[in-house]
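A closer look at the structure
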Amino acid sequence: MDFRQVYAEEPPFQGDEGEGRAEAGIDLAFSGGGIRSATFNLGVLQGMARRGLLKHVDYLSTVSGGGYIGAWYMAFLKRQAGNDPAQAERLLAPQGQGQANGAGEHPSITWLRRFSNYLTPKTGLSGDTLTLVATYLRNLLLNLIVILACLGAVLLLPRLLAAGMPAAHASDWLPLWAILPLLAAVAAIVHLLRRVHQPAATGAAAPRRDRQIGVLALVVLPVLVSAYFMSVGIASPGYLDWAAGIADRLPLFGGLLPKALAGSLTLALAYLLPWLLLGLAELARTRRLATRPALVTGLSALGASLLAGAVFHGLAVLAHDAAPSANELATAGPPLVLLAYLLPVTLHIGLARRRFSDMQREWWARLGGWLLALALAWGALSGIALFGPVALDALGDWAAGGGLAWLSATVWGVLAGKGSSSGKAGAGGMREAALRLVPWVFLIGLLGLLSLGLQKGLERAPPAATATQAAPLHASFTLDLAADGRRYTLAGAGSQTADGAPPAGARRPPRRTGPCPARTPGAPRRYCWRCSCCSAGASTSTCSPSTTSTATA
């Protein structure tokens, strides 16, 4: 039931007084705003009483601070005026209203003014004041705990994704995890585009798949999942050979192109499948073939597919040359893949031209905005979570000065934002531009500090070995994977006894010799997905038989 229904149903219950309401009745609403709103609304009541308008009010709506003064007025009307609005007018606006110090006003108003400090009736260093302070601090701490815990969980997500990349890379199902969610998203796009012109309902009554929550669940989420696994796949050292193997099995492009590029183009042709199914469904529904629209749709989808294959081949070559670490790939890989998804779609829309209506192009634009925003957010969040602590450590003594500048900027933004000239229409200049940047500066600094705190909290120093220790010492956060007859160790320091020997029955990583794909002479240490031979002390590009791998940024 909404306000109009309540308003229409109340007159029959008001007796004779309800008659003529449409001609003479006044509806009065008191807004919220704490004691300031209550004070203002008290002045409104007295002003209306002074002008003889209060007796014409037959509907009163209040909220928050307005409810405080509204409840007082209803009690005043019943207890002091005998439910007579005309008598209430005379009491609220008596003769002598303008005398100093409230002389001549009704005692109820004087009482209301005297005890308007209802949160702490007894001021000073009293129990009421201390109760208010304790309540404020309790609620502040509870809110901070909830907010910081949520932000900490968000900052842990990039770390978990980076730690899971070696396991995803070693899985034989990686191609399916990368391609199937993307195909599901494209199929959902095709289905939703057909429903743009024929929604069953609008607003909250529309089916969930037609609302924004449906687009996020059916399109955006699968695209994000695909982008993560796709970035792991194309960054694999063996991706180019795998794509070349696809070209050998399906020689669609003959010997015209390099095999790795031909394989990428062949895989990208999967983008055609949902549009082909859409054309078959239209043919089955209409029983006739529209040759020109079908050709335009098919050729535009084919062009988008070929562009997608070329872009992903370029990303694979870039990843092969850069040899990114797990943290670097988790930060830059998925955003680049999301942008690579947008390029073919842009070409498809441009080539199809009028095959997409204005509403459908608007739908595409909104989806592109979501993906672009998520790409930027993913890169920024992962960069702060994975490289923020490294950047703060690199600043050294400058970190304290940067923290002081960040705190000063935050305080200045809070104080300047409360000024009377801030936020007014037409306000501009450097000051307003700086005020718009302050919230982002505060947020980035807060996330950086939280990331540094998480880094320090997750670091565990192993206990010092003593001569009396006989039990083996086990390193924490160790992940062992076995695939393809090889052993992969993530962040594993192994285990040893007090004399440094491995415990009985312990399995060592396999001995490997030869060049390490993650090391070059003089280059920074990197984590290698293919072997467990990169140690903190390694200084050559040759694997050492006794080293174990350590995951680093």
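This structure is a prediction, so every number in the text was calculated from the model and none was measured.

1. Some details on the overall build of the chain
- Scanning the chain from terminus to terminus reveals 17 helices and six strands.
- For the chain, buried positions account for 33% of its 553 residues.
- A fraction of 66% describes how many contacts in the chain between residues 6 or more apart in sequence connect residues 24 or more apart.
- For the chain, the computed accessible surface area is about 32,800 Å², with 64% contributed by carbon and sulfur atoms.

2. Looking at the packing of aromatic side chains
- The tally for this structure, following the rule as stated, stands at eight aromatic pairs.
- Aromatic side chains Trp177 and Phe229 sit 5.1 Å apart centroid to centroid with 55 degrees between the ring planes, which places their arrangement in the tilted category. Taken together, the residues Trp177 in helix 8 (residues 174-195) and Phe229 in helix 9 (residues 212-234) connect sequence positions 52 residues apart.
- Looking at Phe229, the relative accessible area reads 16%, which means it is buried.
- Residues Tyr228 and Phe229 carry aromatic rings whose centres are separated by 5.1 Å and whose planes lie at 75 degrees to one another, so their mutual orientation is edge-to-face.
- Here Tyr228 falls in the buried class, since its relative accessible area comes to 9%.

3. Notes on the pairing of strand 2 (residues 57-62)
- As judged from the five bridges shared by strand 1 (residues 26-30) and strand 2, these two strands associate in the parallel manner. Its bridge partner lying in strand 2, Leu28 is registered against Leu60.
- As for the winding sense of the linkage, the β-α-β connection from strand 1 through helix 3 (residues 34-50) to strand 2 is right-handed.

4. A short note on the packing of helix 11 (residues 259-268) against helix 13 (residues 291-322)
- Contact pair helix 11 / helix 13: the axes reach a minimum separation of 8 Å and the direction vectors enclose 135 degrees. When the interaxial angle is binned, helix 11 and helix 13 end up oblique. Taken as a pair, helix 11 and helix 13 cross one another with a handedness that is right-handed. Between helix 11, through Ala260, Leu261, Ser264, Leu265 and Ala268, and helix 13, the contact on the second element is made entirely by Ser305, Leu306, Ala308, Gly309, Ala310 and His313.

5. Details of the nonpolar core
- Core analysis: the largest hydrophobic core is formed by 59 residues, its most contacted members being Trp275, Phe312, Trp364 and Leu367.
- With 11 residues, the single largest contributor to this core is helix 9.
- Contact partners of Leu367, with chain neighbours within four places excluded, come to Ile189, Val215, Val219 and Val220.

6. Focus: the side chain of His106
- Structurally, the position occupied by His106 is in the loop between helix 5 (85-92) and helix 6 (107-114).
- Setting aside residues no more than four positions away along its own chain, His106 makes contact with Phe76, Gln80 and Leu91.

7. A look at a nonpolar patch on the surface
- On the surface, Val133, Tyr136, Leu137, Leu140, Leu141, Leu144, Ile145 and Leu148 cluster together to form a nonpolar patch covering roughly 730 Å² of accessible area.
- By the secondary structure assignment, Leu141 is in helix 7 (residues 127-170).

8. Considerations on the packing of helix 16 (residues 398-417) against helix 17 (residues 429-458)
- Axis separation between helix 16 and helix 17 bottoms out at 9 Å; the angle between their running directions is 135 degrees. Judged by the inter-axis angle, helix 16 sits oblique to helix 17. In terms of crossing hand, the pair formed by helix 16 and helix 17 is left-handed. From helix 16, Trp406, Ala409, Thr410, Trp412, Gly413, Ala416 and Gly417 reach across to helix 17, where they touch Arg431, Ala434, Leu435, Val438, Val441, Phe442, Gly445, Leu446 and Leu449.
- Residues belonging to the contact of helix 16 with helix 17 are distributed by class as follows: 11 nonpolar, four polar and one charged.

9. A closer look at unusual backbone geometry
- The residue Ser64 is not glycine, and still its phi comes out positive at about 55 degrees.
- Residue Ser64 is classed as exposed on the basis of its relative accessible area of 55%.
- Of note, Asn83 is a non-glycine position whose phi angle comes to about 60 degrees, a positive value.

10. Focus on the confidence of the model for the chain
- Chain-level statistics for the chain give a pLDDT mean of 76 and a share of 73% at 70 or above.
- The model gives residues 487-500 a pLDDT under 50, and that stretch makes 59 contacts with residues more than four places away or in other chains.
- Here residues 506-514 is a poorly scored stretch, pLDDT under 50, and it has 16 contacts once near neighbours within four places are set aside; other chains count.

11. Things to note about the pattern of salt bridges
- Applying the stated rule across the entire model yields three salt bridges.
- Across the salt bridge formed by Asp248 and Lys259, the nearest N and O atoms sit 3.0 Å from each other. Placement of the pair is Asp248 in helix 10 (residues 239-249) and Lys259 in helix 11, with a sequence separation of 11 residues.
- Look at Asp248 and you get partly exposed, because its relative accessible area is 47%.

12. What to know about helix 15 (residues 358-395)
- Most pronounced at Phe387, the bend in helix 15 amounts to some 55 degrees, and the proline Pro389 follows within four residues.
- Following helix 15 by one or two positions, Gly396 has its phi on the positive side, about 65 degrees.

13. Remarks on the environment of Ile69
- Examined against the element boundaries, Ile69 turns out to sit in helix 4 (residues 65-79).
- The class of Ile69 is buried, set by a relative accessible area of 2%.
- Separated by 29 residues in the primary sequence, Ile69 and Phe40 have C-alpha atoms spaced 9.4 Å apart.
- With residues near it in sequence (within four places) discarded, Ile69 still touches Phe30, Ala38, Asn41, Leu42, Leu45 and Leu112.

14. A closer look at the environment of Tyr228
- Relative to the elements of secondary structure, Tyr228 occurs in helix 9.
- Considering only alpha carbons, one finds Tyr228 and Trp177, 51 residues apart in sequence, at a separation of 9.3 Å.
- Looking at Tyr228, its side chain comes within polar contact range of the main-chain oxygen of Leu161, at 2.7 Å.

About the criteria used
- Residues numbered from 1 in each chain as written.
- Predicted model: local features only at pLDDT ≥ 70, side-chain atom pairs only at ≥ 80, totals over all residues.
- Heavy atoms only, no water.
- Helix = DSSP H or I, 4+ residues; strand = E, 2+ residues; numbered from the N terminus.
- Buried < 20%, exposed > 50% of the residue type's maximum accessible area, 1.4 Å probe, protein only.
- Contact = heavy atoms within 4.5 Å.
- Areas by Shrake-Rupley, 256 points an atom, 1.4 Å probe, with all protein chains shown as cover.
- Phe/Tyr/Trp six-rings, centres within 6.5 Å; stacked < 30°, edge-to-face > 60°.
- Pairing = 2+ DSSP bridges.
- Right-handed = clockwise from strand over helix to strand, strands pointing away.
- Axes fitted to C-alpha atoms, helices over the stretch in contact; angles between N-to-C directions.
- Parallel < 35°, antiparallel > 145°, perpendicular 65-115°, else oblique.
- Left-handed = near helix turned anticlockwise from the far one by under 90°.
- Core = buried A, V, L, I, M, F, W, Y, C linked by side-chain atoms within 4.5 Å.
- Patch = residues over 30% accessible without salt bridge, like charges linked within 9 Å, V, L, I, M, F, W, Y side chains within 5 Å.
- Salt bridge = Lys/Arg side-chain N within 4 Å of Asp/Glu carboxyl O.
- Nonpolar A, V, L, I, M, F, W, Y, C, P; charged D, E, K, R; others polar.
- pLDDT = per-residue confidence, 0-100.
- Bend = angle between axes of the 7 residues up to and from the residue.
- Polar contact = N/O pair within 3.5 Å; in protein donor to acceptor, adjacent residues only side chain to side chain.

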